[in-house]
Amino acid sequence: MSTDHFAEVERIIQEIQSFPLEDATSLEPFRLQFLGSKSQLKPLLAAIGQVEAAQRKAYGLRVNQARQLAEETYALAKERFGSASENVGPIPDLGLPALSLVQGRRHPISQVMDRILEIFGRIGFSVVEDREVEDEWHNFTALNTPDDHPARDMQDTYYLRDFPGRLLRTHSSSVQSRYMTKHQPPIRILAPGRVYRNETISARSHCQFHQVEGLYIDQGVSMADLRQTLLFFAREMFGKDARIRLRPSYFPFTEPSAEMDIYWGLRDETDHRITKGTGWLEILGCGMVDPAVLQNCGIDPERYSGFAFGMGIERQAMLRYKVPDIRYFFENDLRFLRQF
Ligand code: DAH
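What comes next concerns the included structure. Worth saying up front: this structure is predicted, and the values here are computed from it rather than measured.

1. Re the packing of aromatic side chains
This structure, assessed with the given rule, holds 19 aromatic pairs. Measuring from ring centre to ring centre gives 6.3 Å for phenylalanine 30 and tyrosine 74, while their planes differ by 10°; the resulting arrangement is stacked. Here phenylalanine 30 is found in helix α2 (residues 27-34), whereas its partner tyrosine 74 is found in helix α4 (residues 53-81), with 44 residues between them in sequence. Aromatic rings pair up to connect Phe120, Phe125, Tyr216, Phe233, Phe238, Phe307 and Phe309 into one cluster. Taking the ring centre of tyrosine 263 as reference, the NZ or CZ of arginine 243 above it sits at 4.6 Å.

Put into structure tokens, the structure is as follows:
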């Protein structure tokens, strides 16, 4: 009797190994035959007790090996085909062409901005960001811009109707006063961001645009430091041979004030047009921070001095990528954006 049991187990092992498990539909017959409550192995397992004592251990081992083999074979096949109850359907055609991924990219304004931040980052400027909805004090008063200054006029500045004294910042210089009231020198920051002015929208100007503001305050900072910093920037941004000039100008928050031009050249008609025939192109406003501004923000002007500058981003992006109309930057037309 026990020899029969042994032979029976061996036969089932053979059957398990040769069972045609070819697809999901063969899973269930396999399970019924070797694992279910009516499986062929069940009576053989139950028979362990009947086997004579000398062979019981060897038999028990073998019949359990058979059970394990059935379980593992089933589990592997199930993994391969999915469970029997699921309707597996036809095998997908793996030869289909893949969907092409449309890759996103940085907006050209962000690309120019990143470049500027990276250049100044190399000489120790860190990036500070602040709010776009400002109060009059941080945007104007602290920056020495008197109440009757034309920039405050409703025609230039967007005031918020429901929030008296609040406005959309007209320049990134507002971050200067925000930062200086909270930090003491040394200060070496760059403030990028969006600014708003009530301008008529045209190919050359928009009611929203981007600026990067720079501010450096420490002991003994001079105009020479300003010039050298800006020259470094111009060379990194526009090439090693870039030439700059500082022209005297006026801003309420700097004294003295200047505008920086870079030499653009006069190669073709467009160069003549954008440089008004001079070859020089204005890139930014700058100057030594007015002592009154330092005072307003709680920094001792007897001890500290510094410089500031502010530059527009759209202008630089237009030059760099030869974009003829500022409005393209804000329309989010993918045909435009995909070119960068
Ligand atoms: N805020 C000025 C503007 O929007 C630009 C500017 C000029 C910023 C001189 C400065 C500066 O920090 O020193 O036109």
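2. Observations concerning the site of the ligand
Taken together, 15 residues surround the ligand, and among them His171, Ser173, Arg197, Gln211 and Glu213 come closest. At 3.0 Å, a side-chain N or O of histidine 171 approaches a nitrogen atom of the ligand. Here an oxygen atom of the ligand and a side-chain polar atom of arginine 197 are 2.8 Å apart. Burial of the ligand by the protein amounts to 89% of the accessible area it has alone, namely 350 Å². Looking at the shell around the ligand, the elements that each hand over two or more residues are β5 (208-218), β8 (280-289) and β9 (305-312). When its residues are assigned to classes, the shell around the ligand shows five nonpolar, eight polar and two charged.

3. Observations regarding the nonpolar core
Ranked by size, the top nonpolar core spans 42 residues in total, and within it Ile116 and Phe309 carry the most contacts. Broken down by secondary-structure element, the contributors of at least two residues to this core are α5 (108-121), β5, α8 (223-238), β7 (254-263), β8, β9, α11 (313-321) and α13 (334-337). Looking at this core, the element that brings in the most residues is α5, giving seven residues. Discounting residues that sit within four places of it in the chain, phenylalanine 309 has contacts with Phe120, Leu190, Val212, Glu213, Gly214, Leu226, Leu230, Leu284, Gly285 and Cys286.

4. Here we look at the packing of α5 against α8
The geometry of α5 relative to α8 is characterised by a closest axis approach of 10 Å and an angle of 130° between their N-to-C directions. One finds that α5 runs oblique with respect to α8. Viewed along their axes, α5 and α8 form a crossing whose handedness is right-handed. Contact residues: Val112, Arg115, Ile116, Ile119 and Phe120 in α5; Thr229, Phe232, Phe233, Glu236 and Met237 in α8. Tallied by class, the residues present in the contact of α5 with α8 amount to seven nonpolar, one polar and two charged.

Thresholds, definitions, all that
- Residues numbered from 1 in each chain as written.
- Predicted model: local features only at pLDDT ≥ 70, side-chain atom pairs only at ≥ 80, totals over all residues.
- Heavy atoms only, no water.
- Phe/Tyr/Trp six-rings, centres within 6.5 Å; stacked < 30°, edge-to-face > 60°.
- Helix = DSSP H or I, 4+ residues; strand = E, 2+ residues; numbered from the N terminus.
- Lys NZ or Arg CZ within 6 Å of the ring centre and 35° of its normal.
- Near = heavy atom within 4 Å.
- Polar contact = N/O pair within 3.5 Å; in protein donor to acceptor, adjacent residues only side chain to side chain.
- Areas by Shrake-Rupley, 256 points an atom, 1.4 Å probe, with all protein chains shown as cover.
- Nonpolar A, V, L, I, M, F, W, Y, C, P; charged D, E, K, R; others polar.
- Core = buried A, V, L, I, M, F, W, Y, C linked by side-chain atoms within 4.5 Å.
- Buried < 20%, exposed > 50% of the residue type's maximum accessible area, 1.4 Å probe, protein only.
- Contact = heavy atoms within 4.5 Å.
- Axes fitted to C-alpha atoms, helices over the stretch in contact; angles between N-to-C directions.
- Parallel < 35°, antiparallel > 145°, perpendicular 65-115°, else oblique.
- Left-handed = near helix turned anticlockwise from the far one by under 90°.

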